[in-house]
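Letter by letter, the chains look like this.
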2 protein chains.
Amino acid sequence: MRFAKGHGTENDFVILPDPDDEVDLTGDLVARLCDRRAGLGADGVLRAVRVASPAPGSGPAVSGGAAEWFMDYRNADGSVAEMCGNGIRVFGRYLLDHELVRGPEFAVATRAGTRLVRAELDGAITVDMGLPRVLGAGRATLAGRPFDGLAVSLGNPHLACVVRDPLDDFDVSQPPVLDAEQFPDGANFELVRFIGAAHIEMRVHERGSGPTRSCGTGAVAAAVAAAVTAAVAAVTVPATVRDAPPPPGRWTVDLPGGRLQVTLAPRTSFLSGPAVIVAEGELDEAWLSGKTVTPDQSSPAA
Amino acid sequence: MRFAKGHGTENDFVILPDPDDEVDLTGDLVARLCDRRAGLGADGVLRAVRVASPAPGSGPAVSGGAAEWFMDYRNADGSVAEMCGNGIRVFGRYLLDHELVRGPEFAVATRAGTRLVRAELDGAITVDMGLPRVLGAGRATLAGRPFDGLAVSLGNPHLACVVRDPLDDFDVSQPPVLDAEQFPDGANFELVRFIGAAHIEMRVHERGSGPTRSCGTGAVAAAVAAAVTAAVAAVTVPATVRDAPPPPGRWTVDLPGGRLQVTLAPRTSFLSGPAVIVAEGELDEAWLSGKTVTPDQSSPAA
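Calculation notes
Residues numbered from 1 in each chain as written. Chains lettered and ligands numbered in written order. Predicted model: local features only at pLDDT ≥ 70, side-chain atom pairs only at ≥ 80, totals over all residues. Heavy atoms only, no water. pLDDT = per-residue confidence, 0-100. Contact = heavy atoms within 4.5 Å. Buried < 20%, exposed > 50% of the residue type's maximum accessible area, 1.4 Å probe, protein only. Helix = DSSP H or I, 4+ residues; strand = E, 2+ residues; numbered from the N terminus. Domains from an automatic or database assignment. Buried area = accessible area lost by both parts, 1.4 Å probe. Salt bridge = Lys/Arg side-chain N within 4 Å of Asp/Glu carboxyl O. Pairing = 2+ DSSP bridges. Expected span 1.5 Å × (residues − 1). Disulfide = S-S within 2.5 Å.

Describing the confidence of the model for chain A
Residues and elements named next belong to chain A.
- Chain-level pLDDT for chain A is 89 on average; 88% of the residues reach the 70-or-more range.
- Per-residue pLDDT stays below 50 along residues 56–64; that stretch engages in 10 contacts with residues further than four places along the chain or on separate chains.
- The model gives residues 295–302 a pLDDT under 50, and that stretch makes 25 contacts with residues more than four places away or in other chains.
- Taken over the whole predicted complex, pTM reads 0.87, whereas the ipTM for its chain interfaces reads 0.85.

Describing helix α1 (residues 27–34) of chain B
- Buried within α1 of chain B are the following residues: Leu29, Val30, Arg32, Leu33 and Cys34 of chain B.
- On the buried face of α1 of chain B, the contacting elements are β2 (11–17), β3 (44–50), β4 (69–75), β18 (276–283) and α4 (285–288) of chain B.

A few points about the domain arrangement of chain A
All names here are of chain A.
- Parsing chain A into structural domains produces domain 1 (2–129 + 276–289) and domain 2 (133–267).
- Here domain 1 and domain 2 have C-alpha centroids that lie 26 Å from each other.
- Listed per partner, the contact involves 7 residues of domain 1 and 11 residues of domain 2.
- It is Thr9, Glu10 and Met129 that lose the most area in domain 1 upon contact with domain 2, and together they represent 70% of the buried surface on that side.
- Viewed at the interface, domain 2 and domain 1 are joined by 1 salt bridge.
- Close ionic contact of Arg213 with Glu10 constitutes a salt bridge, the shortest N to O distance being 2.8 Å.

Focus on the pairing of strand β15 (residues 249–255) of chain B
Residues and elements named next belong to chain B.
- Here β15 lies mainly inside the structure; 5 of its 7 residues are buried.
- One ladder, built from 3 bridges, connects strand β13 (residues 199–206) with β15; its direction is parallel. Across the sheet, residue Ile200 finds its bridge partner in β15, namely Val253.
- Alignment of β15 against strand β16 (residues 258–264), held across 7 bridges, turns out to be antiparallel. Note on β16: the bridge partner recorded for Trp251 is Val262.
- Where β15 folds back on β16, the antiparallel hairpin that results is connected by 2 residues.

What to know about the environment of Val253 of chain B
Residue and element names in this part refer to chain B.
- Within the secondary structure layout, Val253 lies in strand β15.
- Put simply, Val253 and His199 are 54 residues apart on the chain and 6.1 Å apart in space, counted from C-alpha to C-alpha.
- Discounting residues that sit within four places of it in the chain, Val253 has contacts with Ile200, Met202, Ala219, Gly258, Arg259, Leu260 and Val262.

Details of the pairing of strand β10 (residues 157–162) of chain B
Residues and elements named next belong to chain B.
- The buried count for β10 comes to 6 of 6 residues, which makes it a mostly enclosed element.
- Every second residue of β10 is oriented toward a common face, with Pro157, Leu159 and Cys161 on one face and His158, Ala160 and Val162 on the other, all of them buried.
- The sheet contact formed by strand β9 (residues 145–153) and β10 spans 4 bridges and is antiparallel. Note on β10: the bridge partner recorded for Ser153 is Pro157.
- Connecting β9 to the next strand, β10, in antiparallel fashion are 3 residues, including Gly155 with a positive phi near 95°.
- When β10 meets strand β12 (residues 188–196), the two strands line up parallel, connected through 5 bridges. By the bridge assignment, Leu159 is partnered in β12 with Phe189.

Some remarks on helix α3 (residues 216–231) of chain B
- Under the 1.5 Å per step criterion, the end-to-end length of α3 of chain B is 23 Å for 16 residues, consistent within 8% with the ideal 22 Å.
- With respect to burial, α3 of chain B is a largely interior element, 14 of its 16 residues being buried.

Side note on the state of the cysteines
- The full count for this structure, using the stated rule, is 0 disulfides over all chains.
- Cysteine Cys161 of chain A shares no disulfide, and the gap to the nearest cysteine sulfur, in Cys215 of chain A, comes to 14 Å.
- Here Cys84 of chain B stays free of any disulfide, with the sulfur of Cys215 of chain B as its closest cysteine sulfur at 8.0 Å.
- Given the relative accessible area of 12%, Cys84 of chain B is considered buried.

Below, the structure is given as structure tokens:
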């Protein structure tokens, strides 16, 4: 079985090309692939399956036409996930590198619908992330300290909190305490700080994953919180915003894993940044069959 | 540039076949390869270089004859290291898989001298680790609690402490406080517990690396401490042993990353266990050249 390993701002993925949908991608195999010591190591797996007959109406109309490839995205624990902003950018890089799509703009089918992907002239890969939904003000407690922020949905829930202190002053290794009524399923938690004109930095604690080097939906949520805050010249998010589209604009978002660009457009948003293939190859047959894990325990050592 | 990724009890390595010694393996490239998000991810790199003319006397006489391959081992931070017990076992697996050596027994040249490697019938790979040197009793403090143990050298220094409580009761995430006079350069710290006849479990805090899933020299040091303790039917290491070879015997050592077998022989020791190749392939040219790291920061997002 062939594979590639790649990353987008240090969100890393194993890509499995499977044009004819032949691979039985079990949760166990995903978890073994993503194991950082006994496997290849990754935040998730991106299986590339050719869309059999790209039916009209299989997704929103995009300029690249109907999607030729479906991104079967799995989390590192083997669970199925709908979409991943950094993942689809790395997926796009792989398709382009192998001339499996015609660039610079093409559609990719995901469980969250068809998404437009574009190769920029400078090497960045951009993905249409859809319109962020502003849910209103929210509050969380981190290490006993309260944080006011903006609840934003990008399909998944976020609480993005604009702060004035240097981000290194905060410890996002522990999960924040969220309002269970506002976030019954939890949320990703972003700390956001202005560091220039339309330029923010961010730290994230991802629901279920802890602090991560990057988070695509989190970067968009952070830009939304920054845009809403900047629009009213406030220091923190005003409590009155709700269900209005965020002010349009382009934002640079610095994360521990690198730099992303977020564009807030009137009807959607775009996430842009580096997407890198590190290596490609073939999985070992014996490893795949699981026969290499442990030799006979009773064997003499020498 | 071709590579393989493999592991031995979850000590993992990137193997770079370089028979003609052509690769300029800089510390920067090693660190990039071992980066667990932006690279392939590993505890270290094993470069396989063919020994140009295996001169007689280039190492201890071994039944496999003079070494045909040199293991250029590097730590994840890019620094040069002499030897690695799990690393050389994975290195041996790679050479055998590719028929680059004639098995089942062969010699590998390392910076610590030539080492004998053997493929066992059950799939385990065994390496001659040399004679452990018993340095005498020692004491360390972990989380404010004192531990008595045995100082052992396998080339690198260890303090192996036999304990009675379940190992999960101890937190080895923080470094122990060692006697600076006894260990001027620090030491690996092992907690060891008897769980059966000639069967121990162990946790390790590696000097410079923190708690790890496995440590080959640590497993041998743990077996030595257990053997010395068992020989005098004591619960902890007697304070009187020093500079005597450890009592011979075979020990099973359970670690977080798997199971190793240690044989203490009169004049040497052997480390045996699983050694697994996960995948092989080719590094991406653009990644290798370092040109993929960041697109132009000033680029428009969309």
